[in-house]
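Per-entry structural report
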Amino acid sequence: MELSAFEVVKKQIDVVSEEMGLDPNLTKYLKRVERALIVTIPIKMDDGSLEIFEGYRVHHSTVRGPGKGGIRYSPEVNLDEVKALATWMTWKCSLLNLPLGGAKGGVCVDPRKLNKNELERLTRRYTSEIINIIGPDIDIPAPDVNTNAQVMAWIMDTYSMNKGRSVPGVVTGKPIEIGGSVGREPATGMGLYFVLEAMCEKLNLEMNSHTIVIQGFGNVGGTIADLLYKEGCKVMAVSDISGGLYYFEGLEIDKLLEWTKEGNDLKDYKDERYELITNDELLSIECNVLIPAALENQITRKNANSIKCEIILEGANGPVTPEADKILFDKGIHVVPDILANGGGVCVSYFEYVQDIRAYFWELDRINKELKKIILSAFEEVYKVSRERNISLRTAAYIIAVSRIAKAIEWRGIFP
Ligand code: GLU
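Bear in mind the structure is a predicted one, so any value in this text is a computation, not a measurement.

Before going further, it helps to examine the site of the ligand. In the neighbourhood of the ligand, 14 residues make up the surrounding shell, with Lys68, Lys92, Pro143, Asp144 and Ser349 lying closest. Within the side chain of Lys92, one N or O atom sits 2.6 Å away from an oxygen atom of the ligand. In this structure, Asp144 approaches the ligand through a side-chain N or O atom, which is 2.7 Å from a nitrogen atom. If the ligand stood free it would expose 290 Å²; the protein chains cover 94% of that surface. Taken together, the elements giving at least two residues each to the shell around the ligand come down to strand 3 (67–74), helix 3 (79–95), strand 5 (139–143) and helix 12 (344–358). Broken down by class, the residue content of the shell around the ligand amounts to four nonpolar, five polar and five charged.

Below is the structure:
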């Protein structure tokens, strides 16, 4: 039986605790979340019916600063998944050495079934329900799967109306006109790009001659596909929820992006050279770099043996399970872990938060320079530890992230 996302998290904590020789009390402490709020969201639909949705907001750790992490809208969201995602945010912020903790939220809903007005009501009611545990110095949400700048604007407005003043710092990933940051939207893809470039340098690989396969074509998958396509790489396959497209000579990513931006599914794109494939088939295509940029638990012990690539760059959170990790490590595949590879998003979220607090905004050049500096310094640290100890990049990244948290817990002590 496959493990649930939070069971995967606990397993990862065990692996790293053993490698580090961590105090068992700390291991126990790290496996629990600080708080988890479950809310129900009643919404009057436009046809007059009433629908009830369930939502969550979880703080895994605020020991190093306010909670930080996205909100996702998906029919698959549940408390277990949100707890896992919140924990990964703790490690991610710690690895990048940002003064933030880990949090995550979600609403169990298929947003494709709601119109814009219903989506706005859902977002505003969800915000009202979690209002006491979010705020610039408590927990700062951001976009995630199926949420975007518009959703963040509704959250910011609902929070502000309740407080009686505008509070732009309550969320990041907002539209620029209301305190958002330039460079935030493509930030996760940019981060992936910087990390891949650094990884290729270590392995003596030419980046622009690569063949690439990407699962997911949303904000993260779409941006990295675009950047690599412009770099001259052959992006042989991409997919969205409807399925995937494959062409061994390389897909025309610019045209596909135009197509999906208009709200179309990839499977309906017409080009006779392109073959329609499933998401499972996509994962076993032979390529240099495989980028899972959709959901967690995609590469498991069942399909890990059929993966044929040199590098896996984790655009999604938790796409590879611990059992699959072992198989991939033995096969000599370099897995660049989520908490490092996709850290660009939260990094620029941090810049947005700082800009909001100061009410002083930076230029794109500064954003990208500082992002590159932070993510590459984390990469160098991770790479060094993985070489020194002959361990996977994931375990190395976890050792660094968990050590910082453990130190913070030690200094603060356990209350009371
Ligand atoms: N949802 C993104 C992530 O998983 C961004 C979170 C943020 O910016 O707070 O890293």
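The next thing to look at is the packing of helix 7 (residues 219–231) against helix 8 (residues 253–261). The contact between helix 7 and helix 8 brings their axes to 9 Å, and the two run at 155°. Taken together, the axes of helix 7 and helix 8 lie roughly antiparallel to each other. Both helix 7 and helix 8 take part in a crossing whose hand is left-handed. Contact with helix 7, carried on its side by Gly222, Ala225, Asp226 and Tyr229, involves Ile253, Asp254 and Leu257 of helix 8 and no other residues of that element. When its residues are assigned to classes, the contact of helix 7 with helix 8 shows four nonpolar, one polar and two charged.

Another point: the nonpolar core. Trp91 and Leu256 are the most contacted members of the largest nonpolar core, which has 95 residues in total. No other element matches helix 14 (residues 393–412), which puts twelve residues into this core. Within the second largest apolar cluster, 26 residues are counted, among which are Val107, Leu122, Trp154 and Ile155.

All right, on to the side chain of Lys174 then. Residue placement: Lys174 occurs in the loop between helix 5 (149–163) and helix 6 (187–203). Residue Lys174 is classed as buried on the basis of its relative accessible area of 4%. Within polar-contact distance, the side chain of Lys174 engages the side chain of Glu352 at 2.7 Å. Reaching out from Lys174, the side chain makes a polar contact with the side chain of Asp356 at a distance of 2.7 Å. When neighbours within four sequence positions are excluded, Lys174 is seen to be in contact with Ala149, Met152, Met156, Pro168, Gly179, Gly180, Glu352 and Asp356.

What follows is about the pairing of strand 7 (residues 234–240). Most of strand 7 sits inside the fold, with six of its seven residues counted as buried. For strand 6 (residues 211–215) and strand 7, the ladder comprises five bridges, and the chain directions are parallel. Within strand 7, the residue paired with Val213 across the bridge is Ala237. Tracing the backbone out of strand 6, into helix 7 and back to the parallel element strand 7 gives a crossover that is right-handed. Bridge count between strand 7 and strand 8 (residues 243–246): four bridges; the pairing is antiparallel. Looking across to strand 8, one finds that Ser239 is bridged to Gly244. Taking the residues that link successive antiparallel strands as the turn, the strand 7-strand 8 hairpin has two residues.

Here is what the cut-offs are and how they apply
- Residues numbered from 1 in each chain as written.
- Predicted model: local features only at pLDDT ≥ 70, side-chain atom pairs only at ≥ 80, totals over all residues.
- Heavy atoms only, no water.
- Near = heavy atom within 4 Å.
- Polar contact = N/O pair within 3.5 Å; in protein donor to acceptor, adjacent residues only side chain to side chain.
- Areas by Shrake-Rupley, 256 points an atom, 1.4 Å probe, with all protein chains shown as cover.
- Helix = DSSP H or I, 4+ residues; strand = E, 2+ residues; numbered from the N terminus.
- Nonpolar A, V, L, I, M, F, W, Y, C, P; charged D, E, K, R; others polar.
- Axes fitted to C-alpha atoms, helices over the stretch in contact; angles between N-to-C directions.
- Parallel < 35°, antiparallel > 145°, perpendicular 65-115°, else oblique.
- Left-handed = near helix turned anticlockwise from the far one by under 90°.
- Contact = heavy atoms within 4.5 Å.
- Core = buried A, V, L, I, M, F, W, Y, C linked by side-chain atoms within 4.5 Å.
- Buried < 20%, exposed > 50% of the residue type's maximum accessible area, 1.4 Å probe, protein only.
- Pairing = 2+ DSSP bridges.
- Right-handed = clockwise from strand over helix to strand, strands pointing away.

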